[in-house]
Structure formats: structure tokens, C-alpha cells
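Listed below are the residues making up each chain.
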Amino acid sequence: MDTVNVSNQYATNSVTERAEFGDSNTPVIASALEHANMKSLAVKTATGLGVTLVELPVTGMLVLRARDDKPALAAALKSSLQLDLPNVLASNVVVDNGKSYCARWIAPDEWLLSCPLQDAFEIEQNIRTAAGASSIAIVNVSGGFTTIMLSGNNANDVLKKSVTYDVHPSHFTVGKVVNTVFSKAQVTMRCLDTNHYEFIVRRSFADYVWLWLQVASAEYGISIEIE
Amino acid sequence: MFVIYCPYCEEHREEEEFHASGQAHLARPLDPDNCTDKEWGDFLYFRKNPRGLHQELWQHTAGCRKFFNITRDTVSYKILETYKVGESPKVNLEDASHG
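How each quantity is defined
Residues numbered from 1 in each chain as written. Chains lettered and ligands numbered in written order. Predicted model: local features only at pLDDT ≥ 70, side-chain atom pairs only at ≥ 80, totals over all residues. Heavy atoms only, no water. Helix = DSSP H or I, 4+ residues; strand = E, 2+ residues; numbered from the N terminus. Buried < 20%, exposed > 50% of the residue type's maximum accessible area, 1.4 Å probe, protein only. Contact = heavy atoms within 4.5 Å. Polar contact = N/O pair within 3.5 Å; in protein donor to acceptor, adjacent residues only side chain to side chain. Buried area = accessible area lost by both parts, 1.4 Å probe. Salt bridge = Lys/Arg side-chain N within 4 Å of Asp/Glu carboxyl O. Disulfide = S-S within 2.5 Å.

**A look at the environment of Val91(B)**
Residues and elements named next belong to chain B. Inspection of the secondary structure puts Val-91 in the loop between strand S6 (79-84) and helix H2 (93-98). When its relative accessible area of 18% is taken as the criterion, Val-91 is described as buried. Separated by 10 residues in the primary sequence, Val-91 and Glu-81 place their C-alpha atoms 7.6 Å from one another.

Encoded structure:
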């Protein structure tokens, strides 16, 4: 089979024809923490405290899979985004024209690529085209996850009480990606910098993780920002 | 609690991230339609429960989600080795248990 048909899940009539969404193909996905009303939380808290929490706007997420054809997937990712397929527990980031693309190692045959939401469909098509007839799989899981950022001087202290993983800066190094248990939820966490961490959590666990972070951060003082 | 080395993540992780899936190396009858009820019943239901070394199948459920095998002593709880599915164990159960 040479041709691959992919439907753009966001370009359906049900979304585009509704007046409130305009006539663009821009996907409309509400924040996983819509009900928490971040705006009111952000106003109540002060800045410059020990811990800062941010929920990023819904990001494009693509699950990339390949086993025997891993070199083909790597080449396709390189040619379409200038991004290398990361090795064990690593991540690679490329920023192009203000757009950020990050590939994370999940398993020996699985990677998670994040990109701007409106570009996810195009990137999926580009990778598929570049990979040709190779045996790879791409699944758009954009709506299934949310991204929460934890930063501040006490971010590492919050992490220490939340995960069993050794998060000492000498072990959980910058760029490292770890799938682990955060309290009782499964998260993909990445170290962006000293005291700056990213959690990718399933949408249905977003509320749980957020409330846990709020409680765990309370003793250091939290400021909640709106992205 | 175990601290288990995942051969795929190449790191030690807490037991909380893993799920035990019972005895490893279960050989499915090659021709299930023509094997005896005893053979099929043994494959489906009967498991070893040794006092001593045991080869177990585990899954790194919260991590890479891959299955792998562990050779473990059920008396001391010591984990002698972990190895990927498809690989052969380095610890020989017969030699080690009598040694």
C-alpha cells in the first residue's frame, strides 16, 4: 500500500461550520483545567514565591512508533522538523520561528512529539510522506493530554514529595524524560532546567495532579500564572 | 519494596512503577486444537510456586510499558537478574538452587 489516508480530525464540518469557532481549521479544545478557573486563582496569588504553576494551552501531541523501521522514522523526523529521535530517557528540542517542537523517548519503540496544536495534522502528514512505505505508526493524541509546568526555587522540593524517582539534579538531569508515578497518577516528566519541570498528564488526571501540586506547594507559597 | 532494574529504561525504579505478571517462560501448546485437556489445563492454570529461585514476568506499567523477566529468590526476595523478553536468563535455576 503506497498511499496513506489520514483524516484531519479537526477539519470536520461540525467544528468549522459553527459560527462561534469562525471558519478556520484551528482546533478548539478546552483546557483540561477549565473548571478550575485559572484566572481567578492567578489573581489571588502573589508572585515571586517558592513555586510557580502554569498549565500550558492545549499542545499538539503525536505518538510516534517504529520498531524495525526506526531509522526510517528518524530520517523522516529529521527531514520534516530537523529533529533527532532521542535515545533512552532523553528529549530533543527544536525551536523554529518561535514554534517549539520536542521529541521525548517513551519506550524503545515509542516517542512523544509535541508541537503547536494547529500544526499537528500537517506535521503528521509530512512525517508520513517522508517515511514512505516504512512500517511506522503516528497517532494524534493532542486532546488526550495536558501540560503542567512547575518552576521556582522550591520546585525540586515539591517533586521530592510527589514522586518515588530520584530527582536530584545530578540524576534527573536537564533534558531527561521519565515516565513515572506522580502520587498515584502516571506522568511523563521532563527536566527543562534546574528547578523547572514539565508534566504531561492524561486529561482525566489533570485535576488530580493539579490539586496535588497546589497542596504540595502550599508550604513554599505558590503563584499561578496564565499562559 | 523492590527496586527493580528495567532492561529497557536501563535504570533502577521503584516497585510502584511495575506490575507482576506471574511465572515466566510459559510455553503455549503448539497445536491447541489437538492437545489433551490435561496439557491445556496445565498451561492455563497450573503455576510453579517454588521456595527459592523463580523466573517471573513483570511489566514496567508506569514507565516504558514493556514486559521483561526477573529471576528472583522467593525466600530472600533478592533479584538476581532482569532480562528482556526473548533473551535467555544467565542464572541457571538448577545450578543456583543447589549451589
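Now, onward.
**A short note on the environment of Ala27(B)**
Residues and elements named next belong to chain B. Within the secondary structure, Ala-27 sits in the loop between strand S3 (19-23) and helix H1 (37-45). We classify Ala-27 as exposed; its relative accessible area is 65%. Measuring from C-alpha to C-alpha, the distance between Ala-27 and Phe-43 comes to 7.4 Å, with 16 residues separating the pair along the chain.

**Some details on the side chain of Gln55(B)**
One can find Gln55(B) in strand S4 (residues 53-59). Look past the residues within four positions of Gln55(B) in its chain and what remains in contact with it is Gly22(B), Gln23(B), Ala24(B), His25(B), Ile70(B), Thr71(B), Tyr83(B), Pro89(B), Val91(B) and Leu93(B).

**Some details on the side chain of His60(B)**
All names here are of chain B. Within the secondary structure, His-60 is located in the loop between S4 and strand S5 (67-73). Of the residues examined, His-60 reaches a relative accessible area of 0% and is grouped as buried. Within polar-contact distance, the side chain of His-60 engages the side chain of Glu-17 at 2.7 Å. When near neighbours in sequence (up to four residues on either side) are disregarded, His-60 contacts Cys-6, Cys-9, Arg-13, Glu-17, Phe-18, Arg-65, Lys-66 and Phe-68.

**Topic: the interface of chain B and chain A**
Taken together, the contact pairs 13 residues of chain B with 20 residues of chain A. Interface of chain B and chain A: buried area, both sides summed, is about 1300 Å²; carbon and sulfur atoms make up 49% of it. Its largest share of buried area at the contact with chain A, chain B owes to Glu11(B), Glu16(B) and Arg65(B), together 33% of the area lost on that side. Summed over the shared surface of chain B and chain A, the number is 4 salt bridges. A salt bridge links Glu16(B) to Lys184(A), with the shortest nitrogen-to-oxygen separation between them at 3.9 Å. Linking chain B with chain A are 7 residue pairs in polar contact (both at pLDDT 80 or more), by the criterion used here.

**Points about the state of the cysteines**
Residue and element names in this part refer to chain B. A full pass over the atoms with the stated rule returns 0 disulfides over all chains. Unpaired in this structure, Cys-6 has its nearest cysteine sulfur neighbour in Cys-64, at a distance of 3.7 Å. Classification of Cys-6 as buried rests on a relative accessible area of 0%.

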